[in-house]
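Descriptive structure summary
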Amino acid sequence: MAEKFDSLEEQLEKFVENIRQLGIIVSDFQPSSQAGLNQKLNFMVTGLQDIDKCRQQLHDISVPLEVFEYIDQGRNPQLYTKECLERALAKNEQVKGKIDTMKKFKSLLIQELTKVFPEDMAKYKAIRGEEPPP
Amino acid sequence: MENFSALFGGGEPPPPAAAAALGFGPGKPGGPGAGPPPAAAAPPTAEDAARKATAAIGPFYLMRELPGNMELTGSTNLITHYNLEHSYNKFCGKKVKEKLSNFLPDLPGMIDLPGSHDNSSLRSLIEKPPICSSSFNPITGTMLTGFRLHAGPLPEQCRLMHIQPPKKKNKHKHKQSRTQDPVPPETPSDSDHKKKKKKKEEDPERKRKKKEKKKKKNRHSPEHPGVGSSQASSSLR
């Protein structure tokens, strides 16, 4: 799994480095550096081809669109992961609380119904079987 | 007090069609529309089966199968279940730096600015993909003539690649600088004090020495021969 990303990361790093060097050549261009510029331009094309090849290995990877919003705003995309985990844990705790409350309610209801309708509740318990208290 | 079964309709069993339509059929997981409604012309086997099931459950005709305990619900800690504690501790345990340049420190250019400023947002790339061919072709000789540039530096406003976001000094660097500079704010003043004190302490001694030197010079100088001769005479004595 990580190998796929490693190769993509490597290709992207090479591409970025090539673009950086291209920027340096262009920023103070000398006539003698035209050959180097042409070479860098072709490296850029091959770099894009290499990145495109990585697409085949990553067809099963899906990226949430919200991550792009973070990147577009100049924010660290790890913040998205952090917020996702925090939201998941909060929701998990919320649901757990609801389930626990419902279990308590059920046991109390059974307890009270047993007091009022002992015969019916005995039948009910016979059908359901003895359940452990929550 | 009324009987529990009477309260919940146990005395008069509901029509099975209605129960089936509500999805509360006894032991019939099919739900609404799963089977044909029991009509008079329908074979008696289905109705019999329903009655038998009702008889087995008794008055609790609304009772459903309980969800299995094996089913994954919110009652379990899902982060632990999916082995994400490490990720949770990694991202939520410590403060994650806000800026994109902290995530990609080696990327050249000002990447912390919003993408909408320079029309470089990823969102726009998805919403309006550029019109281009599906493959990347190398730039041939004739095409390269389009990339012939004029000699000379770029104007300042075009040098986006060289602009880097301001990096905050690391704590380590701070520590190093502190260690390298031997307590800069305090020691100089202390040392100055010491120096001043030393100067103050040295000053009377120096003055004395200077005075003695001056006296000696005066004694040997030709301007004061009397003193020198009298001393010489006294010494001769």
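Note that this is a predicted model, so its numbers are computed, not measured.

1. Quick look at the overall build of chain A
Scanning chain A from terminus to terminus reveals five helices and one strand. Traced from its N-terminal end to its C-terminal end, chain A shows the element sequence α-β-α-α-α-α. The proportion of buried residues among the 134 residues of chain A is 28%. Accessible surface for chain A amounts to roughly 8800 Å². Of this, 59% is attributable to carbon and sulfur atoms.

2. A few points about the confidence of the model for chain B
All names here are of chain B. Averaged over chain B, the pLDDT score is 64; the fraction of residues at 70 or greater is 42%. Here residues 173-201 is a poorly scored stretch, pLDDT under 50, and it has five contacts once near neighbours within four places are set aside; other chains count. Of the regions scoring below 50 in pLDDT, residues 221-237 engages in four contacts with residues more than four places distant in sequence or in other chains.

3. Looking at a negative patch on the surface
On the surface, A:E3, A:D6, A:E9, A:E13 and B:D106 cluster together to form a negatively charged patch. Here A:E13 lies in helix α1 (residues 2-27).

4. Considering the environment of A:Y70
Residues and elements named next belong to chain A. Inspection of the secondary structure puts Y70 in helix α3 (residues 65-72). Under the relative-accessibility criterion, Y70 is labelled buried at 10%. Contacts of Y70, omitting those with residues within four sequence positions, involve R75, N76, P77, L79, Y80 and E83.

5. Details of the packing of α3(A) against helix α4 (residues 78-116) of chain A
To characterise two packed helices, one gives the angle between the axes of the helices and the distance between these axes. Residues and elements named next belong to chain A. For the pair α3 and α4, the least separation of the axes is 9 Å and the interaxial angle reads 135°. One finds that α3 runs oblique with respect to α4. Considering only the axes of α3 and α4, their crossing is right-handed. Along its contact with α3, which presents E66, V67 and Y70, the element α4 presents L79, Y80 and E83.

6. Remarks on the packing of aromatic side chains
Residue and element names in this part refer to chain A. For the coordinates displayed, the defined rule picks out one aromatic pair over all chains. On the basis of an interplanar angle of 70° and a centroid distance of 5.7 Å, the ring pair of Y70 and Y80 is categorised as edge-to-face. Placement of the pair is Y70 in helix α3 and Y80 in helix α4, with a sequence separation of 10 residues. Residue Y70 shares its accessibility class with Y80, and that shared class is buried.

7. Describing the nonpolar core
With eight residues, the main nonpolar core is built from A:L22, A:I25, A:F29, A:L37, A:L41, A:V45, B:I139 and B:L144. Listing elements by their share of this core, those giving two or more residues are α1 and α2 (34-54) of chain A. When residues in this core are grouped by element, the largest group, three residues, is from α2(A). Once residues lying within four places of it in the same chain are set aside, the contact partners of A:L37 are A:L22, A:I25, A:V26, A:F29, B:F147 and B:L149. Grouped together as the second largest cluster of nonpolar side chains are seven residues, A:F117, A:M121, A:Y124 and B:F60 included.

8. Overview of the pattern of salt bridges
Two side chains with opposite charge may pair up if their charged atoms get near one another. Considering all chains together, one arrives at 11 salt bridges over all chains under this definition. Across the salt bridge formed by B:R123 and A:E69, the nearest N and O atoms sit 3.4 Å from each other. Highlighted residues: B:R123 in helix α7 (residues 122-127) and A:E69 in helix α3, drawn from two different chains. For A:E69, a relative accessible area of 34% gives the class partly exposed.

What counts, and at which threshold
- Residues numbered from 1 in each chain as written.
- Chains lettered and ligands numbered in written order.
- Predicted model: local features only at pLDDT ≥ 70, side-chain atom pairs only at ≥ 80, totals over all residues.
- Heavy atoms only, no water.
- Helix = DSSP H or I, 4+ residues; strand = E, 2+ residues; numbered from the N terminus.
- Buried < 20%, exposed > 50% of the residue type's maximum accessible area, 1.4 Å probe, protein only.
- Areas by Shrake-Rupley, 256 points an atom, 1.4 Å probe, with all protein chains shown as cover.
- pLDDT = per-residue confidence, 0-100.
- Contact = heavy atoms within 4.5 Å.
- Patch = residues over 30% accessible without salt bridge, like charges linked within 9 Å, V, L, I, M, F, W, Y side chains within 5 Å.
- Salt bridge = Lys/Arg side-chain N within 4 Å of Asp/Glu carboxyl O.
- Lys, Arg positive; Asp, Glu negative; His and termini not counted.
- Charge placed at Lys NZ, Arg CZ, Asp CG, Glu CD.
- Axes fitted to C-alpha atoms, helices over the stretch in contact; angles between N-to-C directions.
- Parallel < 35°, antiparallel > 145°, perpendicular 65-115°, else oblique.
- Left-handed = near helix turned anticlockwise from the far one by under 90°.
- Phe/Tyr/Trp six-rings, centres within 6.5 Å; stacked < 30°, edge-to-face > 60°.
- Core = buried A, V, L, I, M, F, W, Y, C linked by side-chain atoms within 4.5 Å.

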